[in-house]
Amino acid sequence: MAVATGIRAGLPGRSTGARTGWRPLLLVLLGIVGCLPPATSLAGVWGRNYFPNYRLVNQDGEELRFYDDVIKGKVVSINFMFTSCADVCPVETAKLRQVQQMLGDRVGRDVFMYSITIDPEHDTPEVLKAYREQFNIGPGWQFLTGKREEIEDLQKRFGLYVRSRQEIDPLDHNVSLMLGNEATGRWLKRSPFDNPAVLANTLGYALHGNRRNPALASYDQAHRIESFDRGEYLFRTRCASCHTLGGGVAVGPDLLHVTAVRDRDWLARWIREPDAMIAEGDPLAKRLVAAYKGLPMPNLSLNEVDVEALLKFLEQQHAASGKLRTAATEDQLRPPDPPEAQPDD
Ligand code: HEC
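Here's what I pulled together on the structure shown here. The model shown is predicted, which means the values in this text are computed figures rather than measured ones. (Residues numbered from 1 in each chain as written. Predicted model: local features only at pLDDT ≥ 70, side-chain atom pairs only at ≥ 80, totals over all residues.)

**Description of the overall build of the chain**
Looking only at helices and strands, the chain has 15 helices and seven strands in total. Within the chain, the fraction of its 345 residues that count as buried is 36%. (Helix = DSSP H or I, 4+ residues; strand = E, 2+ residues; numbered from the N terminus. Buried ≥ 20, exposed ≤ 12 C-beta atoms within 10 Å, placed from the backbone.)

In structure tokens:
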């Protein structure tokens, strides 16, 4: 399995607590966008003359031209991925799914999202469609495939082609996102580990001529961050794109009561190395993967200290929810089992 560039070292958790910590980052970001020369002077630099009009195919088998249909006149997010990537791509897809949810029905209307596979031999339109379904991705975000050389050329034009790595392993790729407005010629490279609220604001407002987001409170109303809890920080930066705490099933199960219904050692190992447990055929792991449409939870390269902090945080969340672990609540709290049992369990 290829390891995408910077995956292991590349989970810096750059964003801070989702509740408040993104505001300073946002100001920096708006500052950067605001410092660019006037939009008109950039249009055309990265426009029709720069981007080829390659023929791509989406998850429904429909043909799209890269320049005319994908980017021309649009505000877009573009990332390169492949569906069999087990580590960073699912984390990136889940993060973009949060961004899509924040932008709501604007996606497909005035913001367009695209994920382009770099493994076109494997990722046919049908495979891309199934991947979208695994992640419950809504309309307006298309998954595209095409000719390998042309996709590689697009990566190069976005400055996302890592020659030293991809010439050895074509799937070892740069996972940065490109956010841009073709009409004004403004393009930004962003990390998929950025706070989804910041990414959504860039796509929804900053790239639309610095439109002000009416939902943003004034900076002096920002909450003070009173304490810094490592477990909460890890949860928000590494887990919250796939899991809620009391908000129901997202990409993966709701984890509010998970510490009440699972064995602690099992949980600790699962959070550290779900891939190894799935590969070993751990019966519970198998049942969970089956219940979540075959989408495996990625190995997030956490160490024991991280896992302990996460478990403590999850235990506190469960305790704060006011539900005690008793025989009576056990059933009520148990996450749903998959519909049909595996015959060999
Ligand atoms: C890209 C999505 C994704 C991310 C990120 C992710 N998970 Fe998961 N997780 C899943 C899926 C999907 C499952 C269901 C099992 C499966 O399909 O592998 C799962 C299952 C679990 C379970 C088992 C739940 C149960 O009922 O026993 C725990 C615990 C868990 N995840 C914790 C975490 C923690 C903690 C993090 C962050 C450090 C995290 N996950 C990050 C997708 C994700």
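**Regarding the nonpolar core**
Residues Y114, I116, L203 and L310 are the most contacted members of the largest nonpolar core, which totals 65 residues. Two domains each provide a minimum of three residues to this core, namely domain 1 (22-219) and domain 2 (231-333). Once residues lying within four places of it in the same chain are set aside, the contact partners of L310 are G231, L234, F235 and I271. (Core = buried A, V, L, I, M, F, W, Y, C linked by C-beta atoms within 7 Å. Domains from an automatic or database assignment. Contact = placed C-beta atoms within 7 Å.)

**Observations concerning the environment of N181**
With respect to the helices and strands, the residue N181 is situated in strand β6 (residues 177-181). The exposure class assigned to N181 is buried, which follows from the 24 C-beta atoms found within 10 Å. Between the C-alpha atoms of N181 and V75, which are 106 residues apart in sequence, the distance is 4.3 Å. Among residues more than four places away in sequence, those in contact with N181 are V75, R186 and L207.

**A look at the pairing of strand β7 (residues 186-190)**
Pairing between β6 and β7: five bridges, direction antiparallel. Bridging across to β7, L179 finds its partner in L188. Connecting β6 to the next strand, β7, in antiparallel fashion are four residues, including G185 with a positive phi near 80°. (Pairing = 2+ DSSP bridges.)

**Considering the site of the ligand**
Around the ligand there are 29 residues in total, and C239, C242, G252, Y292 and M297 lie nearest to it. Breaking the shell around the ligand down by element, the ones donating at least two residues are α4 (88-103), α9 (230-239), α11 (264-272) and α13 (283-291). Partitioning the shell around the ligand into residue classes produces 24 nonpolar, three polar and two charged. When we break the shell around the ligand down by domain, the ones giving at least three residues each are domain 1 (22-219) and domain 2 (231-333). (Near = placed C-beta within 6 Å. Nonpolar A, V, L, I, M, F, W, Y, C, P; charged D, E, K, R; others polar.)

**So, the sheet that holds strand β3 (residues 75-81)**
Reading across from one edge, β2-β1-β5-β4-β3-β6-β7 is the order of the seven strands in this open sheet, with mixed pairing throughout. Among the strands making up the open sheet, the edge pair consists of β2 (63-65) and β7. The sheet shows a mean angle of 30° between the axes of neighbouring strands, taken without regard to direction. Taken together, the three bridges between strand β1 (residues 55-58) and β2 define a ladder with antiparallel strand orientation. Bridging from a neighbouring strand, R55 pairs with R65 of β2. (Axes fitted to C-alpha atoms, helices over the stretch in contact; angles between N-to-C directions.)

**Here we look at the packing of α11 against helix α14 (residues 304-320)**
Where α11 contacts α14, the two axes come as close as 10 Å, and the packing angle between them is 125°. Classed by the angle they form, the pair α11 and α14 counts as oblique. Read as a crossing pair, α11 and α14 show a hand that is right-handed. Judged by residue contacts, R264, L267, A268, I271 and R272 of α11 engage V307, L310 and L311 from α14. Within the contact of α11 with α14, the residues separate by chemical class into six nonpolar, no polar and two charged. (Parallel < 35°, antiparallel > 145°, perpendicular 65-115°, else oblique. Left-handed = near helix turned anticlockwise from the far one by under 90°.)

**Describing the packing of α9 against α14**
Contact pair α9 / α14: the axes reach a minimum separation of 7 Å and the direction vectors enclose 95°. As summarised for this structure, α9 and α14 are arranged roughly perpendicular, according to the angle between their axes. Contacts from R230, G231, E232, L234 and F235 in α9 reach D306, A309, L310, K312 and F313 in α14. Here the contact of α9 with α14 is composed, by residue class, of five nonpolar, one polar and four charged.

**As for the environment of L177**
Relative to the helices and strands, L177 is located in strand β6. The exposure class assigned to L177 is buried, which follows from the 26 C-beta atoms found within 10 Å. Between the C-alpha atoms of L177 and L96, which are 81 residues apart in sequence, the distance is 9.6 Å. Discounting chain neighbours no more than four positions away, the residues touching L177 are S77, N79, R190 and P192.

**With respect to the pairing of strand β5 (residues 141-145)**
Of all the five residues making up β5, five are buried; the element is thus mostly covered by neighbouring parts of the structure. Side chains of β5 alternate between two faces, with W141, F143 and T145 and Q142 and L144 buried alike. Examined bridge by bridge, β1 and β5 share two bridges and lie antiparallel to one another. The residue bridging V57 from the neighbouring strand is T145, located in β5. For strand β4 (residues 112-117) and β5, the ladder comprises four bridges, and the chain directions are parallel. Bridge pairing in β5 places S115 opposite F143. Viewed along the sheet, the connection from β4 through helix α5 (residues 125-134) into β5 turns out right-handed. (Right-handed = clockwise from strand over helix to strand, strands pointing away.)

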